[in-house]
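Structural description and commentary
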Amino acid sequence: MHAFATHEISNQFDERTDFDLLATDAALNEALTRAGADWCRPQLSQQARLLGSASTWKLAAQANRHTPELQRYDARGRRIDEVEFHPSWHALQALFRSQGLASLPLRDPRPGRWSAWAAGFYLHGQVEQGSLCPGTMTMASIPVLQKEPALWQALQPGLYSDAYDPRDLPLAQKPSLWIGMGMTEKQGGSDVRSNTSWATPLGSGGRGGEYLLRGHKWFLSAPMSDAHLVVARLGEQGPPACFFVPRWRPDGSRNGVRLQRLKDKLGNRSNASSEAEFEDAWGVLVGEEGRGIATILEMAGYTRLNCVLGSAAMLRSASVQALAYARRRMAFGQPLAAHPLMRAVLADLALESEAALALSMRLAQAYESDDTPQQRAWKRIMTPAAKFWVCKRAVELMGEAMEVFGGNGYVDDSLAARLLREAPVNSIWEGSGNVMCLDVLRAIARDPEPARALLHELLALAEGDPLLRAAAHTLAQQLQLPPAQLEGQGRLLVQRLVLLAQAGLLRHTAPQAVADAFIATRLGAQATGWVVGTLDPGRHDVAAILQRAFPD
């Protein structure tokens, strides 16, 4: 033995890699079949195997370790405002784009297209989360840009492309495009109406007209995007409007978008977020004059759906990794996963994960369906509600998953630590928790018909289950409160709404062991609080829940 070989490494296990993310996910496979999206399985299976490979997990770790760097000037002092990324980032972006995830549901006519896209997005988000951001905003921009015929004609080929082109070139020279978003200013945050950036027309202005923008954005997401949709006032005191602002002007010169710095974020570190100044940046008015907030909020409706899916993906990743580790790690003479308290924690993680997936896939179906009051309710009411609840639950459950790994989970280069740092972003971006609750209340007040249709559907899902029926009637009574009183209970109402929806969906889609345990611990007498692991393994078929979550 070597003089300094003081110990051997034993009972230590790395995060689980080299597995098929789709083949091991029964709930996702069932959701695809229900949505009529089985046609996507060959491509999705290939993507799932590639994402689950050890090499892709390594790319994810590298992209978060070697973070983006801002280069304001080239070697001769010319202003370039370029963000340099590690090759791992480009590999992940190319993988994401090659699967059609930047535009699939908006260009493919086949039934189940939104569920197929949601599944691909969900799979990618289990391995790396920062690389979801550019694709999220690009897809969300398409419905807005489609309403601008001249602009859309020029942009459509690049936005529908599944190729990846990382070059920093004028729009006309690129076969593949990314679109970002710029709303937030330092003095306003979520209050976009307090923005002070303004635009001056070049000529007569108006919809489709050219403008020069001046001002400051506290957050300009994905700054290396080929263009951004930006909110600015029409004149220094005018109403907000929405503008399409490319990185390069039509004459081939660099646009006046000056990147001041990159944000040093808690998580989402593979993805660049910047602070920017507009110095007579050239842009085109998108949408009607003075309706910039309504225009950009159409984009936000899609990005919020992506936030829900992204958090559901993290819940899935955390649950799988915790369960795989606990089955191998020995403690007190047996695997961690054999101890009753640990089994309760793992089962709760699994239940939360499947409930988040069921809700996410139902939301995706609503975006594909006709604009009936019922489907409008899922898009306009349940999307912000789900973003509030699922994204918040992900933050808490990432901490619980980290505990399964003990001290190893708390080490900064562990996957558990990365997930914990990553989780809060979805609760904050695209509107924080209170903004989501207010959005739910406003949607109900402005258009009561979808709210009634949603309540009717939730009552139908609750049919035959006393706990669900009781929860539905409690929610209906709460909705009768005066608006002023209801606002103070906004978080409670949204919590009840989401839990009822998740429970009803699980009752109709999941095995009885999963549905019974979720309903009893979230809505019934066993709902003893939100501490993970209060589920009683003696009352529920924990073995069935864990085997479904990730086959042993």
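For the structure given in this document, a descriptive report is provided here. (Residues numbered from 1 in each chain as written. Predicted model: local features only at pLDDT ≥ 70, side-chain atom pairs only at ≥ 80, totals over all residues. Heavy atoms only, no water.)

Observations regarding the overall build of the chain
What counts here: The helix count covers DSSP runs of H or I at least four residues long, the strand count covers runs of E at least two residues long, and both are numbered beginning at the N terminus. The globule rule used for comparison is 2.2 Å times the number of residues to the exponent 0.38, while the radius of gyration itself is calculated over C-alpha atoms. We call a residue buried when its accessible area falls under 20% of the maximum for its residue type, exposed when it is over 50%, and partly exposed in between, using a 1.4 Å probe and counting protein chains only.
Along the chain, the regular secondary structure elements total 21 helices and eleven strands. Computed over its C-alpha atoms, the radius of gyration of the chain comes to 24 Å, within 12% of the 24 Å expected for a compact globule of 552 residues. Seen through its C-alpha atoms, the chain measures out along the principal axes to roughly 75 × 75 × 45 Å. Residues classed as buried in the chain amount to 58% of the 552 residues present.

Examining the nonpolar core
For the record, the criterion: For our purposes a nonpolar core is just a set of buried Ala, Val, Leu, Ile, Met, Phe, Trp, Tyr and Cys residues, chained together by side-chain atoms within 4.5 Å. Residues are treated as being in contact if the distance between any of their heavy atoms lies within 4.5 Å.
Counting 155 residues, the largest nonpolar core has W117 and L229 as the members making the most contacts within it. Of the residues forming this core, the biggest block, 18 residues, is contributed by helix α9 (residues 292–328). If near-sequence neighbours (up to four positions away) are discounted, W117 is found in contact with L101, L104, P105, M139, L305, N306 and L309. Formed by 22 residues, the second largest nonpolar core is a distinct cluster that contains F85, W89, A199 and V245.

Focus on the pattern of salt bridges
When the charged atoms of two side chains lie near each other, side chains of opposite charge can form a pair. The cut-off we apply is this: Here a salt bridge means any side-chain nitrogen of Lys or Arg lying within 4 Å of a carboxyl oxygen belonging to Asp or Glu.
Scanning the model with the defined rule gives 37 salt bridges in all. Between R254 and E82 there is a salt bridge whose closest N-O contact spans 3.3 Å. Of this pair, R254 sits in the loop between β7 (240–246) and β8 (257–262) while E82 sits in strand β2 (residues 79–84); the two residues are 172 residues apart in sequence, bridging distant segments of the chain. Overall, the relative accessible area of 26% leaves R254 in the partly exposed class. E352 serves as the salt-bridge partner of R393, at 3.1 Å between the closest nitrogen and oxygen. Of this pair, R393 sits in helix α11 (residues 373–404) while E352 sits in helix α10 (residues 340–368); the two residues are 41 residues apart in sequence, bridging distant segments of the chain. Under the relative-accessibility criterion, R393 is labelled buried at 5%. Exposure remark for E352: the relative accessible area of 2% places this residue in the buried category. Connected through salt bridges with shared partners, the residues D348, E352, R393, E396 and R522 form a single ionic network.

Let's talk about the pairing of strand β1 (residues 69–73)
Stated formally: Pairing between two strands requires that DSSP report at least two bridges joining them.
Judged from the four bridges that link them, β1 and β2 form a sheet pairing that is antiparallel. In the strand pairing of β2, L70 is matched with V83. With antiparallel pairing between neighbouring strands as the criterion, β1 and β2 make up a hairpin whose turn holds five residues, including G77 at a positive phi of roughly 90°.

Points about unusual backbone geometry
The phi torsion at D18 lies on the positive side, around 55°, for a residue other than glycine. Its place among the elements puts D18 in the segment before α1 (26–34). One non-glycine residue, A222, adopts positive backbone phi at about 45°. Take A222: it is sitting in the loop between β5 (210–221) and β6 (227–234).

Structural notes on the side chain of T56
For the record, the criterion: Within 3.5 Å is the distance limit for a polar contact, defined as a pair of N or O atoms, with the added protein rule that one can donate a hydrogen and the other accept it, and that residues adjacent in sequence qualify only through two side-chain atoms.
With respect to the helices, strands and loops of the structure, T56 is situated in helix α3 (residues 54–65). At 2.6 Å, the side chain of T56 forms a polar contact with the backbone oxygen of L50.

Description of helix α2 (residues 41–52)
To keep it simple, the criterion reads: Take the number of residues in a helix, subtract one, and multiply by 1.5 Å to get its expected span. To be clear, the arc concerns the directions from the helix axis to the C-beta atoms.
Taking 1.5 Å of rise per residue, the twelve residues of α2 would be expected to cover 16 Å, and the 16 Å separating its terminal C-alpha atoms lies within 8% of that figure. Within α2 the residues assigned to the buried category are L44, S45, Q47, A48, L51 and G52. Axial view of α2: buried residues confined to an arc of 165°, hence all on one face. Of the exposed residues in α2, the ones pointing more than 90 degrees away from its buried face are P42 and Q46.

Quick notes on the side chain of N426
One can find N426 in helix α14 (residues 424–428). One polar contact links N426 to S311, side chain to side chain, over a distance of 3.1 Å.

Topic: the packing of aromatic side chains
Under the convention used in this document: Aromatic rings from Phe, Tyr and Trp, with only the six-membered ring used for Trp, were paired whenever their centres fell within 6.5 Å, and each pair was classed as stacked if the ring planes differed by under 30 degrees, edge-to-face if by over 60, and tilted otherwise. Whether a charge sits over a ring comes down to the Lys NZ or Arg CZ being within 6 Å of the ring centre and within 35 degrees of the ring normal.
Using the criterion set out here, one finds twelve aromatic pairs in the structure. Plain terms: the ring middles of Y211 and F243 are 5.1 Å apart, the flat faces sit at 65° to each other, and that makes the pair edge-to-face. One end of the pair, Y211, is in strand β5; the other, F243, is in strand β7, with 32 residues separating them in the sequence. There is no split in this pair, since Y211 and F243 are both buried. Put simply, the rings of F96, W114, W117, F121, Y302 and Y367 pair up and form one aromatic cluster. Its end group placed over the ring of W39, R110 keeps NZ or CZ at 3.8 Å from the ring centre.

Overview of the packing of α3 against helix α13 (residues 415–422)
Packed helix pairs are characterised by how far apart their axes lie and by the angle those axes make with each other. For clarity, the cut-off: The axes used here are C-alpha line fits, helices contributing only the stretch in contact, and every angle between their N-to-C directions lies in the interval 0 to 180 degrees. Any angle from 65 to 115 degrees is called roughly perpendicular, while one under 35 is roughly parallel, one over 145 is roughly antiparallel, and all others are oblique. By definition, turning the near helix anticlockwise from the far helix through less than a right angle yields a left-handed crossing, and turning it clockwise yields a right-handed one.
Running from amino to carboxyl end, α3 crosses α13 at an angle of 55°, the nearest separation of the two axes being 12 Å. Taken as axis vectors, α3 and α13 run oblique relative to one another. Judged by the sense of rotation from one axis to the other, the crossing of α3 with α13 is left-handed. Touching W57, A60, A61 and N64 of α3 are L415, R418 and E422, all from α13.

A short note on the state of the cysteines
Counted only if it meets this: By convention in this document, the label disulfide applies to cysteine sulfur atom pairs within 2.5 Å.
Under the definition given, this model contains zero disulfides. Here C307 stays unpaired: no disulfide links it, and the sulfur of C391, its closest cysteine neighbor, is 5.5 Å away. We classify C307 as buried; its relative accessible area is 7%.

Remarks on the environment of W530
On the secondary structure map, W530 appears in the loop between α20 (512–522) and α21 (542–549). Overall, W530 belongs to the partly exposed group, its relative accessible area being 31%. The sequence separation of W530 and R393 amounts to 137 residues, and the corresponding C-alpha distance is 9.4 Å. Setting aside chain neighbours within four positions, we find W530 in contact with W389, R393, E396, Q495, L499 and R522.

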